[in-house]
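Below are the chains, spelled out letter by letter.
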2 protein chains.
Amino acid sequence: MSQAMQKNDDLVMIRDITFISKAENLLPTIHQTIIKAQNIITLVNDPKAVHGWSAKVISPATVYFNQSFQTGESYIIDFGQHGVGYLSFLCDAVGSPPDAPAHIKFTFAETLSELAEPFGQYQGWLSKSWLQEHDEYIDVLPAQITLSRRYCFRYLKIEIVSLSPKYNLTFKDIEFKTVSSAPKYCIECQTQDPQLAKIDQVSVHTLRNCMQEVFEDGPKRDRRLWLGDLRLQALVNNVTFKQHDLVRRCLYLFASHRREDGMVSANIFVKPQIIADDTFLFDYSLFYIDVLYDYFMATSDHNTVKELWPIALQQIDIALKRCDEYGLVIDSDDWWSFIDWHEKLNKQGASQGVLIYCLDKAIKLSQTFQPEISSNLQQKLDFVKHAADQLWDDKSGFYISGAQRQVSYATQIWMILADVGDRNHQQKLMNKLLLTPPDIGMNTPYLRHHYILALLKVGMKKQAIDEIKAYWGKMVEYGADTFWELFDPNDLNYSPYGNKIINSYCHAWSCTPAWFIRQYSL
Amino acid sequence: MSQAMQKNDDLVMIRDITFISKAENLLPTIHQTIIKAQNIITLVNDPKAVHGWSAKVISPATVYFNQSFQTGESYIIDFGQHGVGYLSFLCDAVGSPPDAPAHIKFTFAETLSELAEPFGQYQGWLSKSWLQEHDEYIDVLPAQITLSRRYCFRYLKIEIVSLSPKYNLTFKDIEFKTVSSAPKYCIECQTQDPQLAKIDQVSVHTLRNCMQEVFEDGPKRDRRLWLGDLRLQALVNNVTFKQHDLVRRCLYLFASHRREDGMVSANIFVKPQIIADDTFLFDYSLFYIDVLYDYFMATSDHNTVKELWPIALQQIDIALKRCDEYGLVIDSDDWWSFIDWHEKLNKQGASQGVLIYCLDKAIKLSQTFQPEISSNLQQKLDFVKHAADQLWDDKSGFYISGAQRQVSYATQIWMILADVGDRNHQQKLMNKLLLTPPDIGMNTPYLRHHYILALLKVGMKKQAIDEIKAYWGKMVEYGADTFWELFDPNDLNYSPYGNKIINSYCHAWSCTPAWFIRQYSL
């Protein structure tokens, strides 16, 4: 999630036992649903399909459950939907008593490409250990087996690696016990547009599968609570499952283990114990304020927000320390801000926008929880907002970022969300962005979310809908039943990690169309 | 263990609940011993070593327990002795919090060749699933892990297949919890010969590691109760651990599930339930009598032998049905007798010897348990012994076997053990065998055992000792700390299965020197 990897070996951290205890008490109930194997499929090379592979149904899965398999045979099960959970099956021998162990290999895949492209050839820079596979050696048959690890998949490849020639193997009752802390019931979507209704459904399914003991970013990879993802998940949760206690738990988790100066980490590990990652991101830490603000708006839970407000405020203080004397975020090589997965993107301009945006939310919270500092915060807001004017480039009609005066989508989007300039200025800027798109585009659904938000902010509802349909709708056309971490309609193999098979294909930050559709009555 | 594979799909079997229950009540106590990792070694190409590989010690294992490892690193632990059991270890991360699962691969090896030669290249005809490997994916660190399968090894290779670059991995408390139903105490060996004392020690270690819930043939492969192996193990057990109840249990197991006509199977599976294999061997079934006889000699357990005697007797009746009108075992392609692992060996002559040998034991048992049939059995013995004279070839001075009149070690050995001819005849035959060895030699320690027995029978004690030293002593010289399933001093890579790495290197039928040394006071 960070643009590259941070390693900070000698951090001093604050550990807050009270917050840890509160977070642990909010551990959600995990709901289970059994998904049955649906069809047996084969992979077909298909230039029109995403990643070049489509599925051809061979037979209903039940047909295969009546067959037996020998060494070297394999088959692919389509469970008909993406899920997160545990695989179980009953395995038995047919023929002579099994006189050698059965070695079976399982490959779990969110997409067909994970089955088509051998894991052995993976050369990306994220750990290969994320690729989901398992070798099972069965010494005694029949065997009722539940694999101990949680997997995330729609497709399952079963390979009979090795048996004895004296027996064949049968599989029965292959079950996928899916898990989620989202309840079965979800508020119904009211849109009349069938395409948006479908997009909403896929969004909700994405969120459901990411809702586990925390809001995970992606249940295949990284399976972790990231602040940037949490912020968007909490929005969608507010209009779908309303599991506010899960948001509350996550707020406590981030508060429970912070850097010495109070900065909240970009993400939190919860097992074997609650521990903050040593990755710190300028924008993500600031978003703690935004998540707290949205939580308060959704719940009016005065006690929790009052308790966490000082931690939110700390994020403002820490961020302001990174500004120069004129209130501009200093650009250098020693800081990290996420904004988008984009190697060439300069983050200064967008980060300035994030700071202004979050200061505004801080002011709103302060009015309830610490009104005596509201005017001081307002002064700070005016100061950094004014500083943003330095980034305006009259000649190009865009905000620039960094010493190279880079023009990017990200900077314009965040200046609009930061409410810089008046409505007329923002509308003109957005129109300009639509008419003369900068070279530095948008790589992630995460930045695309903020783009939609900016469109809606300036009143371009139709363009927002068109963009949702063109982007998330396109994923649906490609067969997505959960939304992807990364999607570039012009480069379907795009991955910032060096290989698309390590991408997450059910990713929290991609689930926000449901929020747009419901919140803005699209 | 059978020369090739038998598959008999439509067998009708007898299932005896009483015997099953008795066998289950005799389930032995399993004793545990912890073996600590001893040294870290590296493999060295060494033309003088068995299979071309020797081990060079890099450091004591404890040195490695203070180090941490990254993706791509691997090391080999030598536990200092061969064992059977369960691996456990404590695995932890060093560096940033582990942000990706740890994928570790374990390879378990009885011999260095199993580590030097990639399993992926294995092309033998026995199932590759016997090769001992395991991939562990650890989602949460630190992790105290005990692998669920039982492994059989002295050497353990640990490969760090994939971590995140943000952390390294440490291993602590790598323990090998070995298991055996042999007690810690073993009767001391009295030999004064240091080489024989060493051979005895390796024999006893071999037997100990094969003694589990049954007498297994080999704890790496096949891990199963075979009648031919049981017979030799029971002998050694009588002079070492004296676990007579384990022999008794195995006798009940073979009796509990037999072919419709009463024939006992060549081997028995005990999990998930007691079931006879569909492999039936002429010689092995007859040996049921011999095991029962030896058990009676060792224990005087009248009740058990009385109960099982009718089953033993059935094996004689079934074997005699395979004889022609002159009392000679009919040679054809539709029967199976083990004798030795030898593609070219004709089994008729040796099988005739086994029949005579077992008839003699049956007569001895009948004198106690059914004296009224002793004389009838004696007539049958005389008849088949007389028939054996047909196999004598005056011209060559050897017994021949089959239509091709094949001369082999196996036939001569079994004629001597069958006590055909007088002592002078047998001595002459053995001398002839030593002076003019036939082309069809001995491939297994199993046949070699019978060769030693024949030497001792004709009074050639010195030659027997020399042979034990030359054969089993040679394995010790090559570093064996348990004796091997297969050993040909002239072809160290010999395997009847197509690849030496599938051979078992701790194999029951190879443990009999301890019996010779102790029983014959060598």
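Residues numbered from 1 in each chain as written. Chains lettered and ligands numbered in written order. Predicted model: local features only at pLDDT ≥ 70, side-chain atom pairs only at ≥ 80, totals over all residues. Heavy atoms only, no water.

1. Some details on the overall build of chain A
- Of the regular secondary structure elements, chain A holds 15 helices and 16 strands.
- Projected onto the principal axes, the alpha-carbon positions of chain A cover approximately 85 × 50 × 45 Å.
- Counting across all 522 residues of chain A, residues that qualify as buried make up 63%.
- Nonlocal contacts in chain A, meaning residues at least 24 apart in sequence, comprise 77% of its contacts between residues at least 6 apart.
- For chain A, the accessible area works out to roughly 19500 Å², and carbon and sulfur atoms hold 48% of it.
- Across chain A, the mean location of the 51 positive side-chain charges is 4 Å away from that of the 61 negative side-chain charges. (Helix = DSSP H or I, 4+ residues; strand = E, 2+ residues; numbered from the N terminus. Buried < 20%, exposed > 50% of the residue type's maximum accessible area, 1.4 Å probe, protein only. Contact = heavy atoms within 4.5 Å. Areas by Shrake-Rupley, 256 points an atom, 1.4 Å probe, with all protein chains shown as cover. Lys, Arg positive; Asp, Glu negative; His and termini not counted. Charge placed at Lys NZ, Arg CZ, Asp CG, Glu CD.)

2. A few points about the pattern of salt bridges
- For the coordinates displayed, the defined rule picks out 64 salt bridges over all chains.
- Here B:Asp278 ties to A:Lys166 by a salt bridge, and the two come within 2.8 Å at their closest N and O atoms. Of this pair, B:Asp278 sits in the loop between β14 (275-276) and α7 (282-299) while A:Lys166 sits in the loop between β9 (151-162) and β10 (167-180), on two different chains.
- Note that B:Asp135 is salt-bridged to B:Lys105, the shortest N-O span being 3.3 Å. With B:Asp135 in strand β7 (residues 133-138) and B:Lys105 in strand β6 (residues 102-109), this pair connects stretches of sequence that are 30 residues apart. You'll find B:Asp135 and B:Lys105 in the same group, each marked buried.
- In the salt-bridge network here, residues are joined through shared partners; they are A:Lys105, A:Lys128, A:Glu133 and A:Asp135. (Salt bridge = Lys/Arg side-chain N within 4 Å of Asp/Glu carboxyl O.)

3. A few points about the pairing of strand β3 (residues 39-45) of chain A
Residues and elements named next belong to chain A.
- Where β3 meets strand β5 (residues 74-95), three bridges bridge the pair, whose relative direction is antiparallel. The residue of β5 that forms the bridge with Ile-40 is Ile-77.
- Pairing between β3 and strand β4 (residues 53-60): seven bridges, direction antiparallel. Of the residues in β4, the one forming a bridge with Ile-40 is Ser-59. (Pairing = 2+ DSSP bridges.)

4. Comments concerning the relation of the copies chain B and chain A
- When chain B is brought onto chain A, the operation consists of a screw motion whose angular component is 180° and whose axial shift is 0.0 Å, with 0.0 Å RMSD remaining. Given the turn and translation reported, the copies of this chain are related as if by a two-fold rotation axis. Residue B:Asp135 of chain B places its C-alpha closer to the rotation axis than any other residue of that unit, at 3.5 Å. (Least-squares fit on C-alpha atoms with pLDDT ≥ 70 in both.)

5. Description of helix α5 (residues 227-238) of chain B
- Compared with the 16 Å implied by 1.5 Å per residue over twelve residues, the 16 Å span of α5(B) between its first and last C-alpha is a close match.
- Among the twelve residues in α5(B), twelve count as buried, and that is most of the element. (Expected span 1.5 Å × (residues − 1).)

6. Side note on the interface of chain B and chain A
- Contact with chain B, which involves 39 residues of that partner, is made by 39 residues of chain A.
- Across the chain B to chain A interface the summed buried area is about 3300 Å²; carbon plus sulfur atoms make up 57%.
- Counting across the chain B and chain A interface gives eight salt bridges.
- Residue B:Asp139 pairs with A:Arg223 through a salt bridge whose shortest N-O separation is 3.5 Å.
- Connecting chain B to chain A are 26 residue pairs in polar contact (both at pLDDT 80 or more). (Buried area = accessible area lost by both parts, 1.4 Å probe. Polar contact = N/O pair within 3.5 Å; in protein donor to acceptor, adjacent residues only side chain to side chain.)

7. A word on the packing of aromatic side chains
Residues and elements named next belong to chain A.
- The final tally for this structure, using the stated rule, is 74 aromatic pairs over all chains.
- Where Trp-515 meets Phe-516, the ring centres are 5.3 Å apart and the plane angle is 55°; that geometry is what we call tilted. Note on accessibility: Trp-515 and Phe-516 belong to one class, buried.
- Here the guanidinium or amino end of Arg-231 rests over the ring plane of Phe-287, the centre of that ring lying 3.9 Å away. (Phe/Tyr/Trp six-rings, centres within 6.5 Å; stacked < 30°, edge-to-face > 60°. Lys NZ or Arg CZ within 6 Å of the ring centre and 35° of its normal.)

8. Observations regarding the sheet that holds strand β13 (residues 267-269) of chain A
Residues and elements named next belong to chain A.
- The strand order across the open sheet built from three strands is β11-β13-β14, with neighbouring strands paired in antiparallel fashion. With partners counted over all chains shown, the strands left at the sheet margins are β11 (225-226) and β14 (275-276), one partner each.
- As defined by bridge partners, β13 adjoins β14 across two bridges and the pair is classed as antiparallel. Bridging across to β14, Ile-268 finds its partner in Ala-276.

9. Thoughts on the packing of helix α9 (residues 348-369) of chain A against helix α10 (residues 374-388) of chain A
All names here are of chain A.
- At a closest axis distance of 9 Å, the pairing of α9 and α10 adopts a crossing angle of 165°. Relative to α10, the element α9 lies roughly antiparallel. Seen from above, α9 lies across α10 with left-handed handedness. On α10, the residues touching Gln-352, Leu-355, Ile-356, Leu-359, Asp-360, Ala-362, Ile-363, Ser-366 and Gln-367 of α9 are Ser-374, Leu-377, Gln-378, Lys-380, Leu-381, Val-384, Lys-385, Ala-387 and Ala-388.
- Per-class residue counts for the contact of α9 with α10 are ten nonpolar, five polar and three charged. (Axes fitted to C-alpha atoms, helices over the stretch in contact; angles between N-to-C directions. Parallel < 35°, antiparallel > 145°, perpendicular 65-115°, else oblique. Left-handed = near helix turned anticlockwise from the far one by under 90°. Nonpolar A, V, L, I, M, F, W, Y, C, P; charged D, E, K, R; others polar.)

10. A short note on the environment of A:Asp294
Residue and element names in this part refer to chain A.
- Its location among the elements puts Asp-294 in helix α7 (residues 282-299).
- With 242 residues separating them in the primary sequence, Asp-294 and Gly-52 have C-alpha atoms 41 Å apart.
- Not counting the four nearest positions on each side in its chain, Asp-294 is found in contact with Leu-235 and Asn-238.

11. Description of the UniProt feature "domain: Glycosyl hydrolase family 78 alpha-rhamnosidase N-terminal" (unreviewed entry) in chain A
- In this numbering, the UniProt entry assigns the feature "domain: Glycosyl hydrolase family 78 alpha-rhamnosidase N-terminal" (unreviewed entry) to residues 38-177 of chain A.
- Along residues 38-177 of chain A, the helical share is 6% and the strand share 56%, with 14 Å between the first and last C-alpha atoms. (UniProt positions renumbered as here; feature names shortened; annotations may be inferred.)

12. Regarding α10(A)
All names here are of chain A.
- Relative to the 21 Å expected for 15 residues at 1.5 Å per residue, α10 spans 21 Å between its end C-alpha atoms, a close match to the ideal helical length.
- Ser-374, Leu-377, Leu-381, Val-384, Ala-387 and Ala-388 are the residues of α10 that are buried. The buried side chains of α10 occupy one side of the element, clustering within an arc of 145° when seen end-on. Exposed positions of α10 whose direction lies more than 90 degrees from the buried face are Gln-379 and His-386.
- Against the buried residues of α10 lie α8 (302-320), α9, β15 (392-393), β16 (398-399) and α11 (409-417). (Arc of directions from axis to C-beta.)

13. A word on the environment of B:Ile34
Residues and elements named next belong to chain B.
- Secondary-structure assignment places Ile-34 in strand β2 (residues 31-36).
- Its relative accessible area of 42% is what places Ile-34 among the partly exposed residues.
- Sequence separation of Ile-34 and Cys-358 is 324 residues, and the distance between their C-alpha atoms is 42 Å.
- Those residues within four positions of Ile-34 in sequence are excluded, and the remaining contacts are Glu-175, Phe-176 and Lys-177.

14. Remarks on the sheet that holds β14(B)
All names here are of chain B.
- Within the open sheet, the three strands sit side by side as β11-β13-β14. Their pairing is antiparallel. Every interior strand has two partners, whereas the edge strands, β11 (225-226) and β14, have only one.
- In this structure, β11 lies alongside strand β13 (residues 267-269), joined through two bridges in antiparallel fashion. For Leu-225, the partnering residue across the bridge sits in β13 and is Ile-268.

15. A closer look at the pairing of β10(A)
All names here are of chain A.
- Among the 14 residues in β10, ten count as buried, and that is most of the element.
- As paired strands, strand β2 (residues 31-36) and β10 are joined by six bridges and run antiparallel to one another. Paired with Ile-35 across the bridge in β10 is Phe-176.

16. Re the packing of helix α5 (residues 227-238) of chain A against helix α6 (residues 244-256) of chain A
All names here are of chain A.
- Two elements in contact, α5 and α6, have axes whose closest approach is 10 Å; the angle formed by their N-to-C orientations is 160°. Overall, the two elements α5 and α6 adopt an arrangement that is roughly antiparallel. For the pair α5 and α6, the crossing hand works out as left-handed. Contacts between α5 and α6 involve Leu-227, Leu-230, Ala-234, Asn-237 and Asn-238 from the former and His-244, Val-247, Cys-250 and Phe-254 from the latter.

17. Some remarks on the side chain of A:Asp217
Residue and element names in this part refer to chain A.
- Looking at where Asp-217 falls in the secondary structure, it is placed in the loop between α4 (194-210) and β11.
- One buried charge, Asp-217, has no salt-bridge partner; the nearest side chain with opposite charge is Arg-221, at 5.1 Å.
- A polar contact of 3.4 Å, which involves the side chain of Asp-217, links it to the backbone nitrogen of Asp-222.

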